[in-house]
Amino acid sequence: MRIRTAAVATTAVAGALAALTAVPAHAAEYDSALKVRGVQYDAPGPDSNKCSTGNTRDEYLTIKNYSSTRTVNLKGYVVKDAAGNRFVFRSNHHLEPRDHVKLRGGHGTDSDKNNVAYRNNCNFIWNNDKDTIYLVKPTGNRADVHAYTKRGSDRDGNGYIPFHK
């Protein structure tokens, strides 16, 4: 009797696993050419948000255009965290196919050529222990979302987490 019960349970578990694996791995992915490639959520050194001497410039988010054919204009895209801190790309910033941009804290001059945009805000946006990163299209639809924890996501403890290659 126990053998039969175990066989039935094994069959049920195998069926459930088959049902789970039948769903494509990319099913949770958002339909977007733009993805968050990675985040330097913890700027090296002690955190200081003083505009003149702080290190908010060293905290950044890399957004990549994974399309092999389409240029994407970032104007109108929103980057935000779980607490609602947000940055809106208000100017044209074109990402060619396979190109990327680093969205940095602090003040600076945006440059398509140097692949950089600045939030023009010296406050840190990403928490050093855990947070959720939202990349939102101008339509309001999500382009990409990633949650992280320092302990569970940053295996080498350097403050940087890669999400997509």
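Residues numbered from 1 in each chain as written. Predicted model: local features only at pLDDT ≥ 70, side-chain atom pairs only at ≥ 80, totals over all residues. Heavy atoms only, no water.

A. A look at the state of the cysteines. Going through the model one piece at a time under the given rule, you end up with one disulfide. Each sulfur of the disulfide joining Cys51 and Cys122 lies 2.0 Å from the other. Taking the torsion about the sulfur-sulfur bond, which here is approximately 120°, the covalent link between Cys51 and Cys122 counts as right-handed. Of the two residues, Cys51 is situated in the loop between strand E1 (34–40) and strand E2 (60–65) and Cys122 in the loop between strand E8 (116–118) and strand E9 (130–136); the sequence distance between them amounts to 71 residues. (Disulfide = S-S within 2.5 Å. Helix = DSSP H or I, 4+ residues; strand = E, 2+ residues; numbered from the N terminus.)

B. Looking closely at the environment of Val36. Looking at where Val36 falls in the secondary structure, it is placed in strand E1. Residues Val36 and Pro162 lie 126 residues apart in sequence; the distance between their C-alpha atoms is 8.5 Å. Setting aside chain neighbours within four positions, we find Val36 in contact with Leu61, Thr62, Ile133, Leu135, Asp144, His146, Phe163 and His164. (Contact = heavy atoms within 4.5 Å.)

C. Seen up close, unusual backbone geometry. Despite not being glycine, Arg98 shows a phi value in the positive range, around 70°. With respect to the helices, strands and loops of the structure, Arg98 is situated in the loop between strand E6 (94–95) and strand E7 (100–104). Positive phi, close to 50°, is recorded for Asn120, a residue that is not glycine. Along the chain, the position of Asn120 falls in the loop between E8 and E9.

D. Quick look at the nonpolar core. Counting 24 residues, the largest nonpolar core has Phe89 and Trp126 as the members making the most contacts within it. Mapped by element, the contributors of at least two residues to this core are E1, E2, E7, E9 and strand E10 (142–149). The element best represented in this core is E1, accounting for three residues. Setting aside anything within four residues of it in sequence, one finds Phe89 in contact with Ile63, Leu74, Lys75, Gly76, Tyr77, Val79, Leu103 and Ala117. (Core = buried A, V, L, I, M, F, W, Y, C linked by side-chain atoms within 4.5 Å. Buried < 20%, exposed > 50% of the residue type's maximum accessible area, 1.4 Å probe, protein only.)

E. Molecular detail of the confidence of the model for the chain. For the chain, the mean per-residue pLDDT works out to 85, and 82% of the residues sit at or above 70. Per-residue pLDDT stays below 50 along residues 1–28; that stretch engages in zero contacts with residues further than four places along the chain or on separate chains. (pLDDT = per-residue confidence, 0-100.)

F. Fine view of the sheet that holds strand E5 (residues 86–88). The sheet built from four strands is open, its strands ordered E5-E4-E9-E10 with antiparallel pairing. Only two strands of the sheet have a single partner each, and these edge strands are E5 and E10. Adjacent strand axes in the sheet meet at a mean angle of 10° when their direction is disregarded. When E9 meets E10, the two strands line up antiparallel, connected through seven bridges. Paired with Thr132 across the bridge in E10 is Ala147. (Pairing = 2+ DSSP bridges. Axes fitted to C-alpha atoms, helices over the stretch in contact; angles between N-to-C directions.)

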